[in-house]
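# Remarks on the overall topology
So you can see what is in the structure, the chains are spelled out below.
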Amino acid sequence: MKIYIMTDLEGISGVSSASYISAARNRPDLIAEARKFMAGDINACVEGCVRGGATEIIVKDCHAGGFNVTREMIDPRADFIDGSTPGIRFADIEGSDGLILLGYHAKAGTPGAVCEHTMSSIGWQNAWVNGRSIGEIGIDAYIAGEHNVPVIMVSGDDKTCAEGAEWLPWAVMCQVKKGFSCNGARMPSFEKTRALITECAEKAVKKAKECPVLKPEAPVTFKLEQVSRSGMPANPAYKHLDARTWELTVESMERALFFN
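Keep in mind it's a predicted model, so treat the numbers as computed, not measured. (Residues numbered from 1 in each chain as written. Predicted model: local features only at pLDDT ≥ 70, side-chain atom pairs only at ≥ 80, totals over all residues. Heavy atoms only, no water.)

## A closer look at the environment of Asn235
- Relative to the helices and strands, Asn235 resides in the loop between strand 10 (220-226) and strand 11 (239-240).
- The spacing of Asn235 and Phe259 is 24 residues in sequence and 9.8 Å in space, taken between C-alpha atoms. (Helix = DSSP H or I, 4+ residues; strand = E, 2+ residues; numbered from the N terminus.)

As structure tokens, this is what we get:
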């Protein structure tokens, strides 16, 4: 059984604010700690996948282009994809029995969500697919579905899990913290959260073959409201709706994400 783990950073155990993520906050000590936290959650997830029956595990670091953890930090039972995979969201996902979204975050504007944003905290505000408001959870679930792979588990704060359950009611939700604001959370011990991640991953893998895939209806109309009035695409394929919002209709969610 092949399981794919896509890991972000905002929803990782122990991460409570942008100070753990952004160099602009001038806390390199916290950024270094966050990378250790990420490795701990990944390894707890790999352990759960193995217990659940996984025989092949791929981990991809998707936070800010990768390079947040190193190969030596990751359980040797998993292969590790780091860095850029141009035009491909989930490199080598084909044939996977399930996708785990580890350490994810709620979409921009979600009250009380830790580090809430819609995929790009710098450039994106709101996004819609075929008229439905969407965040990174929904986008990645759609892309995985286009590869016939179901999302089987989501981890993050309570708001992330609520968003995940809305999109993926069959998946296992793994709450590792409770958000109070974009930069504040109640966090259990790592002993508790890592044990929970292992337990949830084992459960998710065991029920993976029961989970349906989630595919967007084609063609896909992707609409994006940017954070500021800069960087609007010049390609005529993009329809400009106002000074900061554009729309694009293409054959798939993955194509919409990487269109240029």
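Read on for the rest.
## Section: the nonpolar core
- One finds Cys49, Ile100, Met153, Leu168 and Phe222 to be the most contacted residues of the largest nonpolar core, which totals 78 residues.
- Ranked by residue count, the leading element in this core is helix 1 (residues 28-52), at 10 residues.
- Beyond its immediate stretch of four places on either side in the chain, Leu168 contacts Ile137, Ala141, Val151, Val154, Met173 and Leu214. (Core = buried A, V, L, I, M, F, W, Y, C linked by side-chain atoms within 4.5 Å. Buried < 20%, exposed > 50% of the residue type's maximum accessible area, 1.4 Å probe, protein only. Contact = heavy atoms within 4.5 Å.)

## Description of the layout of surface pockets
- Roughly 820 Å³ of internal volume is contained in the largest pocket.
- Surrounding the largest pocket, 32 residues form its lining, Cys62, Ala64, Met119, Ser120 and Ser121 being those nearest its centre.
- Along the lines of polarity and charge, the residues of the lining of the largest pocket split into 13 nonpolar, 11 polar and eight charged. (1 Å grid on protein atoms, 1.4 Å probe; cavity = no way out; pocket = protein on both sides within 12 Å on 5 of 7 lines; lining within 4 Å. Points joined across faces, edges and corners; volume = space filled by probe spheres on them. Nonpolar A, V, L, I, M, F, W, Y, C, P; charged D, E, K, R; others polar.)

## Some words on the sheet that holds strand 9 (residues 184-186)
- Pairing is mixed in the open sheet, where seven strands are placed in the order 3-2-1-4-7-8-9. Each of the sheet's edge strands pairs with one partner strand only, and the pair in question is strand 3 (79-81) and strand 9. For this sheet, the mean angle separating the axes of adjacent strands, direction not counted, is 25 degrees.
- Helix 4 (residues 190-206) contacts strand 1 (2-7), strand 4 (98-102), strand 7 (151-157) and strand 8 (172-181) of the sheet and is inclined by roughly 145 degrees relative to strand 8. (Pairing = 2+ DSSP bridges. Axes fitted to C-alpha atoms, helices over the stretch in contact; angles between N-to-C directions.)

## Topic: the state of the cysteines
- Counted by the stated rule, this structure contains zero disulfides.
- Between Cys62, a free cysteine, and Cys45, which holds the nearest cysteine sulfur, the sulfur-to-sulfur gap is 13 Å. (Disulfide = S-S within 2.5 Å.)

## As for the sheet that holds strand 11
- The strand order across the open sheet formed by five strands is 6-5-10-12-11, and the pairing between neighbours is antiparallel. With one partner strand each, in any of the chains shown, strand 6 (132-134) and strand 11 form the two edges of the open sheet.
- Pairing geometry for strand 5 (residues 124-129) and strand 6, over three bridges, is antiparallel. What sits directly across from Ala127, in strand 6, is Ile134.
- Helix 2 (residues 136-146) rests against strand 5, strand 6 and strand 10 of the sheet, and its axis sits at about 100 degrees to strand 6.

## Observations concerning the pattern of salt bridges
- For the coordinates displayed, the defined rule picks out 13 salt bridges.
- For the salt bridge of Asp140 with Arg89, the shortest nitrogen-to-oxygen distance reads 2.8 Å. Of the two residues, Asp140 sits in helix 2 while Arg89 sits in the loop between strand 3 and strand 4, which places them 51 residues apart along the sequence.
- Taking the relative accessible area as the measure of exposure, Arg89 reaches 10% and is therefore buried.
- Measuring nitrogen to oxygen at the nearest pair gives 2.8 Å for the salt bridge that ties Asp97 to Lys209. Here the residue Asp97 occupies a position in the loop between strand 3 and strand 4, and Lys209 occupies one in the loop between helix 4 and strand 10, the gap between them amounting to 112 residues.
- Because the salt bridges share partners, they merge into one network encompassing Glu47, Arg51, Asp75 and Arg77. (Salt bridge = Lys/Arg side-chain N within 4 Å of Asp/Glu carboxyl O.)

## Here's the deal with the side chain of Ser96
- Mapped onto the secondary structure, Ser96 falls in the loop between strand 3 and strand 4.
- With relative accessibility at 6%, the residue Ser96 sits in the buried group.

Worth remembering: the numbers are spatial, not functional.
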